[in-house]
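Listed here are the chains, written in short residue letters.
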Amino acid sequence: MAPDPAEPRASSDEKVLQAQYLRSLSSFEGIMLAQIEMKTQLSNRLNWTIRAGLVLLGVIAFSILILLLTLSAQINRISDVVVNINGHFESITQRMDHVSAAMSDMEKQVALMAQIDLSTAAMDREMTTMQKQMHGMAGNVAGIRNELSLVKDDMAAISSTISGMNAEVGMMRHEMRRMAKPARSMNRMFPFP
């Protein structure tokens, strides 16, 4: 086994104690100065960190202020847009009311289509009957044309006969004048009362 270490014993010499005291005092002073210097450096670092943090917080605050101002301006614009949209929705609602009224009118008119179909079917039947009658009338008109052409031929014959009669009457007048010439001369000589 190893022997127990001996406990340190203070020297009884006054000079040695004084030198030890001075050494320990200078060591303590060195330690204290090192601690003070370290605290000074740490406080300087802390001050610079606090300043940088304050600058950073100022920049963040300024950015937030700009964002808030921008948002307030955008909110005003958005509120104007919403007001315009509400106006458009009101006009759309009015137009939709007109459209619904027009649709109800169209539904009523479509409901009348069955009656129109019945009327159209009746008109188709009447048109078919009228077409048949028109074909019959066309045949009658063709017959009338034939009759008129015959009448025209007869009128041409009558006209030629009348022309011949006119010629005969003209000749008869001429003959009458010729035959009445002696009577007129006698009438001049012996006028009748």
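Below you will find a few notes about this structure. All figures in this text were calculated on a predicted structure; none of them were measured in a lab.

### A word on the overall build of the chain
Then, in step 1: Helix and strand content of the chain: two helices and zero strands.
Then, in step 2: At 72 Å, the chain has a C-alpha radius of gyration far larger than the 16 Å of a compact globule built from 193 residues.
Then, in step 3: Across its three principal axes, the chain shows a C-alpha extent of roughly 225 × 55 × 35 Å.
Then, in step 4: In the chain, which comprises 193 residues, the share counted as buried stands at 0%.
Then, in step 5: Carbon and sulfur atoms form 67% of the exposed surface of the chain, whose accessible area is close to 18100 Å².
Then, in step 6: Once the 19 positive and 19 negative side-chain charges of the chain are each reduced to a mean point, those two points are 21 Å apart.

### Some details on the packing of aromatic side chains
Then, in step 1: Under the criterion given, the structure shown has zero aromatic pairs.
Then, in step 2: The lysine or arginine in question, Arg51, covers the ring of Trp48, its NZ or CZ lying 5.1 Å from the ring centre.

### Comments concerning a positive patch on the surface
Then, in step 1: Together, Arg173, Arg177, Lys181, Arg184 and Arg188 line one region of the surface with positive charge.
Then, in step 2: Within the secondary structure layout, Arg173 lies in helix H2 (residues 113-189).

### Regarding a nonpolar patch on the surface
Then, in step 1: On the surface, a cluster of nonpolar side chains totalling about 980 Å² of accessible area is made up of Leu46, Ile50, Leu54, Leu56, Leu57, Ile60, Ile64, Leu68, Leu71 and Ile75.
Then, in step 2: Among the structural elements, Leu56 can be located in helix H1 (residues 14-111).

Rules of the game
- Along each chain, the written sequence defines residue order, and numbers are assigned to residues from 1.
- Side-chain atom pairs in this predicted model are given and counted only at pLDDT of 80 or more, local residue features only at pLDDT of at least 70, and totals for whole chains, interfaces and linings cover all residues.
- Note that water and hydrogens are dropped before the side-chain values are worked out from all heavy atoms of the structure.
- Strands are runs of DSSP state E lasting at least two residues, helices are runs of H or I lasting at least four, and both sets are numbered from the N terminus onward.
- Put simply, the radius of gyration uses C-alpha atoms, and a globule should come to 2.2 Å times the residue count raised to 0.38.
- Three labels apply to residues, based on accessible area from a 1.4 Å probe with only protein chains included: buried if under 20% of the type maximum, exposed if over 50%, partly exposed otherwise in between.
- Accessible surface area values rest on a Shrake-Rupley calculation with a 1.4 Å probe, where residue burial reflects the displayed protein chains alone.
- Note that His is not counted, nor are the chain ends; the positive residues are Lys and Arg, and the negative ones are Asp and Glu.
- Just so you know, the charge point we use is NZ for Lys, CZ for Arg, CG for Asp and CD for Glu.
- In this scheme Phe, Tyr and Trp rings, the latter by its six-membered ring, pair at centre separations within 6.5 Å, and the angle between planes marks the pair as stacked below 30 degrees, edge-to-face above 60, and tilted otherwise.
- Sitting over a ring, as applied to charges here, requires NZ of Lys or CZ of Arg to be within 6 Å of the ring centre and within 35 degrees of the ring normal.
- Like-charged residues within 9 Å of one another, or nonpolar side chains (Val, Leu, Ile, Met, Phe, Trp, Tyr) within 5 Å, are grouped into patches, provided each residue has over 30% relative accessible area and no salt bridge.
- Just to be clear on terms, a salt bridge is a Lys or Arg side-chain nitrogen sitting within 4 Å of an Asp or Glu carboxyl oxygen.

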